[in-house]
Amino acid sequence: QVQFVESGGGLVQPGGSLRLSCAASVNFFSSNGMGWYRQAPGKQRELVASMRSGGSTNYLDSVKGRFIISRDNAKKILYLQMNSLAPEDTAVYYCNFAGVGKFGTWGQGTQVTVSS
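Quick caveat: nothing in here was measured; it's all calculated off a predicted structure.

J.: Explanation requested: the state of the cysteines in the structure shown.
T.: Each disulfide is one covalent bond, formed between the sulfur atoms of two cysteines. On inspection of all chains with the given rule, the structure shows 1 disulfide. Between C22 and C95 runs a disulfide, and the two sulfur atoms are separated by 1.7 Å. Here C22, found in strand 3 (residues 18-25), pairs with C95, found in strand 9 (residues 91-97); they are 73 residues apart in sequence, far enough to count as distant. On the accessibility criterion, C22 (0% relative accessible area) is buried.

J.: Looking at this structure, I do not really get the sheet that holds strand 3. What am I missing?
T.: The strands making up a sheet associate through hydrogen bonds between their backbones, and the pairing can be parallel or antiparallel. Spatial strand order, 1-3-8-7: 4 strands in an open sheet with antiparallel pairing. Each end of this open sheet is capped by a strand with a single partner; those strands are strand 1 (3-7) and strand 7 (67-72). Each adjacent strand pair in this sheet contributes to an overall mean axis angle of 15°, direction not counted. Pairing between strand 1 and strand 3: 5 bridges, direction antiparallel. When the bridges of strand 3 are listed, E6 appears paired with C22.

J.: Explain the side chain of N96 here, please?
T.: Topologically, N96 is positioned in strand 9. If we ignore the near neighbours within four places in the chain, the residues touching N96 are F4, M34, G35, Y37, F103, G104, T105 and W106.

J.: Which parts of the structure should I look at to understand the pairing of strand 8 (residues 77-82)?
T.: A regular strand carries its side chains on alternate faces of the sheet. With 5 of 6 residues buried, strand 8 is to be regarded as a mostly interior element. Where strand 3 lies against strand 8, 6 bridges are found, and the strand directions are antiparallel. Opposite S21, over in strand 8, you have Y79 as the bridge partner. Between strand 7 and strand 8, which pair antiparallel one after the other, the connecting turn spans 4 residues, and K76 there sits at a positive phi close to 60°.

J.: Which parts of the structure should I look at to understand the pattern of salt bridges?
T.: Once the charged atoms of two side chains with opposite charge are near each other, the side chains can pair. The full count for this structure, using the stated rule, is 4 salt bridges. Of the charged contacts in the structure, one is a salt bridge between R38 and D89, with a shortest N-O distance of 3.0 Å. Residue R38 is found in strand 4 (residues 34-39), and its partner D89 is found in the loop between strand 8 and strand 9; the two are separated by 51 residues along the sequence. We classify R38 as buried; its relative accessible area is 6%. The buried category is assigned to D89, whose relative accessible area is 1%.

Conventions we followed
- Residues numbered from 1 in each chain as written.
- Predicted model: local features only at pLDDT ≥ 70, side-chain atom pairs only at ≥ 80, totals over all residues.
- Heavy atoms only, no water.
- Disulfide = S-S within 2.5 Å.
- Helix = DSSP H or I, 4+ residues; strand = E, 2+ residues; numbered from the N terminus.
- Buried < 20%, exposed > 50% of the residue type's maximum accessible area, 1.4 Å probe, protein only.
- Pairing = 2+ DSSP bridges.
- Axes fitted to C-alpha atoms, helices over the stretch in contact; angles between N-to-C directions.
- Contact = heavy atoms within 4.5 Å.
- Salt bridge = Lys/Arg side-chain N within 4 Å of Asp/Glu carboxyl O.

As structure tokens, then:
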């Protein structure tokens, strides 16, 4: 069964940084595109950043230049380095497959709150 366990969220002041991690129980992790998603209160879940199996990346326009997605295929961990955080980045962040036509079971996510 595919499982994702996200961690690393918290409360941070505007301009601060956080690094999220996602441990994935996925067969052939390295062969799958992976992504970070977020859902803010009252809004739909959106794809924030994704990384293909080959390493190419894509970012939501609003996070370009601030967020960096990376992965450790040996450990089956997906990361999201978030810098220059702003209040509008406040959301629950999830990881899952991206760009491969399927989703695994969504994890509980990790809450990121940006507030002074």
